[in-house]
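Commentary on secondary and tertiary structure
Take a look at the letters that make up each chain.
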Amino acid sequence: MTDIADRVQTRPPTARRRRDLLPYWLIAPSLVFLAAIIGYPLVVGLQEGFKYHNRLQPWLTRFNGLENYVKAFGDHEVWVALKVSFVMVGGIVVFSYLLGLLAGVLLDRKFAFRGVYRALILVPWVVPPVVSYISWQWMLNDQSGFIDHVLLQLGIIDKPILWLARPTLAMWSLIIVGVWSRFPFMMITVLAALSNVPEELADAASIDGANRWQVFRHITFPLILPVTIVALLLQAIWTFNDFALPFVLTGGGPANKTTPLVLLSYREAFQRFNIGYGTSLAVISMVLMLILGVLYFRLQRKQGVYA
Amino acid sequence: MLKLARRRSRTALGATVLASALALTTACGLGGGSDNQDQQGSGPVKLNYWDMQWGSPTFMNQIKKNVAEFNKEHPGIHVDFTQLAWGDYQQKLLSAVQAGNPPDVGGGDSGIPFNMDAQGQALDISDLFAKWESDGTFDDMPEWAYKKWEYNGKDVGITWQFDQRAIYYRKDLLKQAGIPVPKTWDDLKAAATALNDPNNDMIGIAIPGKQGTYDTDQFYMTLVLQAGGGLSDEQGNPTIDTPQQLEALNFEKALVDCCAAAGTPSWSFTEVLKAFEQGKAAFAFGGGWFAADIEKNAPDLKGKVGVLPVLEGPGGPEARHSVAFANPWMIYKQTDHPDEAKTFLSWMMEKQNIRKLYAAEPGAKWPVYKSLLKDPIYSSDPLVKKLATQVVENGVDYWYPNNAGAVGIASVGTGIADMIVNPVITGERSPEDALKDAQDRLGPLFQTQK
């Protein structure tokens, strides 16, 4: 042992330096790759946000400092889009959490065919989002949509509900479809968290006279809360960035009432070719999501994942 | 041994880094691009021709057959055809241009040559225009088919087909109600009001009004053109907030309020066509392809459906226009073989060759040659004949009458639907407010090169 230590100590400094650098060389290919596919686009994107750049007006391309951001914060359309984003995120995350929690708690019990139910509930989550959104668009269609058809047949309504043609209903439609496609993820998370709750705690509380609700309220729920909060944050980030849902289901309408920031950014950059302004909107989204991201990592650390 | 192992490991490490770098370089360098390498040997000149998915597999196969026929007739030139998807073609083309490998010849939407000219990428084909003018080709074309592409002192493309829009109507319903075929805006509104009967599952008129689609602006722009308006003035300035557009918008709003489906703000052409084919609409604004679709999916309506004459609006008889998108072919400036590309374009535009394309999907592609109106493709079915005649006699598109604002018009995207039509028909904005806002927001897109 001492012999080896001596040999290492007597190794020339250049060799030691080389050995110290070895890990960096080993991760170099990954770093090059990440720099190319994440770093470079990010830097270019940040630069674009400080330019007037319309792809069809290349002669007007110029650095315009904070003009895009100043314009964005004075732009009524941006504020409406931000409001839509937050309402969409709030609605989808809250309801998908509640539904996922309910489904998770129910499916945590032992009963026949539990595995089958668990698998079936996962279906909305595993179907490609665009496919499910298009299917929902057909089902919510006011002309021959399945939902209106069933409600009419059952005599619950006497004329079709305009799910996608009225601003408030269109937002509710977005939320319903979003919840449908996301609650299975919440359910899985809740199930995973529940599996870590020691049964002895609930048993002890029961012996002490607590009913099922009290056990859930004062023991189970506080124990699964940290994990589910992390899942909530992730869900919020994904929902905020979900372009396909409003794009496919409502096209952002009616009257921009379902146009979130991510869709507005797309329209500016890829339909009006305003790359500069569109990118600045994307950067604003990114900053907002970074806040959630920081929260996410802090919570993760608190729970010991990165400790 | 240790040294050898270390050397080997260093070599392996170097190889890994090199391989990663090479993989990245290759990945970045791979474009969809044109194969413009110079012909070193005696082989044929290679041209890349990119075009859209214009129709059914039968139609796309006919494009390929035309290309194959050209290749056979021209042993010195070999054209490779690549089909582009509508979803991302703009990005693909703009990226190819920036990467320096666009196609030699290409097709696209009705504004693509203007967009490419703005990038300095559209080859001036005025020599072909001179040829077509002198050999009588242009005499056989509607003026808009070639005038549209005279831009900035150059000729940047040529129309190979029109994509027609029209108002379909139920002849039987009008006859039953004793209503004459509408010829003016007022006639249309009166007829649609009379036939609108929601309690019996019948709407007066079906039009698209959904936000975020290109369908919605087409009915509105038909009205704008018939009101004598357009999107740009002679200097290329936007003309959105104008009395003509206000008249068009007020009329559309009134039409939706009186006699369209309550769900119109969420309707695209899909819903419009479905309502009409299910017998739930007396009038429907739609594309030229409606005729073929109705025949296929609603055979009961055969003989009961007609096409309204192009309506007269506030713009008077001179403004009796219908929207017919002039779809172009163009040559890219970066081509290494402009002469061969022109030979190919000229051959593709020959009437007998282009006719084969039209014949591949009868009733779905509309002619650029007036004389083809007598061809059985367009003369055998009265509905198709009427549509084709309207294309030739009244068809213009959004660049009419002034293409000076071409780049701005091409950049509007779904702005007309998003900012003007949809918010107004949902009652969320007043027409005046929507037009003013659209003028302010879309105006900067019309800035031209000084």
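Residues numbered from 1 in each chain as written. Chains lettered and ligands numbered in written order. Predicted model: local features only at pLDDT ≥ 70, side-chain atom pairs only at ≥ 80, totals over all residues. Heavy atoms only, no water.

**Section: the nonpolar core**
In this structure, Tyr49(B), Tyr220(B), Phe283(B), Met349(B) and Ile420(B) are the most contacted members of the largest nonpolar core, which totals 149 residues. If sequence neighbours within four positions are ignored, Met349(B) has contacts with Trp132(B), Met141(B), Ile158(B), Thr159(B), Trp160(B), Trp329(B), Ile354(B), Val368(B) and Tyr369(B). One finds Ile92(A), Trp136(A), Leu174(A) and Val248(A) within the second-largest nonpolar core, a separate group that totals 20 residues. (Core = buried A, V, L, I, M, F, W, Y, C linked by side-chain atoms within 4.5 Å. Buried < 20%, exposed > 50% of the residue type's maximum accessible area, 1.4 Å probe, protein only. Contact = heavy atoms within 4.5 Å.)

**Brief notes about the domain arrangement of chain A**
Residues and elements named next belong to chain A. The domain boundaries assigned to chain A delineate domain 1 (1–48) and domain 2 (66–303). Contact residues are listed per partner, giving 4 residues for domain 1 and 6 residues for domain 2. Interface area for domain 1 against domain 2, summed over the two sides, is near 350 Å², with a carbon-plus-sulfur share of 71%. Where domain 1 meets domain 2, there are 0 residue pairs in polar contact (both at pLDDT 80 or more). (Domains from an automatic or database assignment. Buried area = accessible area lost by both parts, 1.4 Å probe. Polar contact = N/O pair within 3.5 Å; in protein donor to acceptor, adjacent residues only side chain to side chain.)

**Details of the environment of Ile203(B)**
All names here are of chain B. Within the secondary structure layout, Ile203 lies in strand 7 (residues 203–206). Remark: the alpha-carbon pair of Ile203 and Ala192, spanning 11 residues in sequence, is separated by 7.8 Å. Setting aside residues no more than four positions away along its own chain, Ile203 makes contact with Asn196, Cys259, Ala260, Ala261, Trp267, Lys280, Ala281 and Ala282. (Helix = DSSP H or I, 4+ residues; strand = E, 2+ residues; numbered from the N terminus.)

**A short note on the interface of chain A and chain B**
Residue-level contacts link 46 residues of chain A with 49 residues of chain B. Looking only at chain A, the three residues that lose the most surface to chain B are Arg55(A), Trp59(A) and Gln143(A), adding up to 20% of its buried area. The partner of Glu77(A) in a salt bridge is Arg441(B), and the shortest N-O contact between them spans 2.2 Å. Across the chain A-chain B interface, the total number found is 16 residue pairs in polar contact (both at pLDDT 80 or more). Those elements that place two or more of their residues in the side of chain A that touches chain B are helix 2 (13–48), helix 11 (244–249) and helix 12 (261–271) of chain A. (Salt bridge = Lys/Arg side-chain N within 4 Å of Asp/Glu carboxyl O.)

**Quick word on the side chain of Gln91(B)**
With respect to the element layout, Gln91(B) can be found in helix 3 (residues 89–99). Taking relative accessible area as the criterion, Gln91(B) reaches 19% and is therefore assigned buried. Once you skip the residues sitting within four places of it in the chain, Gln91(B) turns out to touch Arg55(A) and Phe270(A).

**A word on helix 16 (residues 382–394) of chain B**
Residues and elements named next belong to chain B. The end-to-end C-alpha separation of helix 16 is 17 Å, in line with the 18 Å expected for 13 residues at 1.5 Å each. All of the buried residues in helix 16 are Leu383, Val384, Leu387, Ala388, Gln390, Val391, Val392 and Asn394. Its buried side turned inward, helix 16 meets strand 6 (158–170), helix 12 (289–297), strand 9 (305–307), strand 10 (322–331), helix 15 (376–379) and strand 11 (395–396). Among the residues of helix 16, the N-terminal cap falls to Asp381, whose side-chain oxygen and the backbone nitrogen of Leu383 are separated by 2.8 Å. (Expected span 1.5 Å × (residues − 1).)

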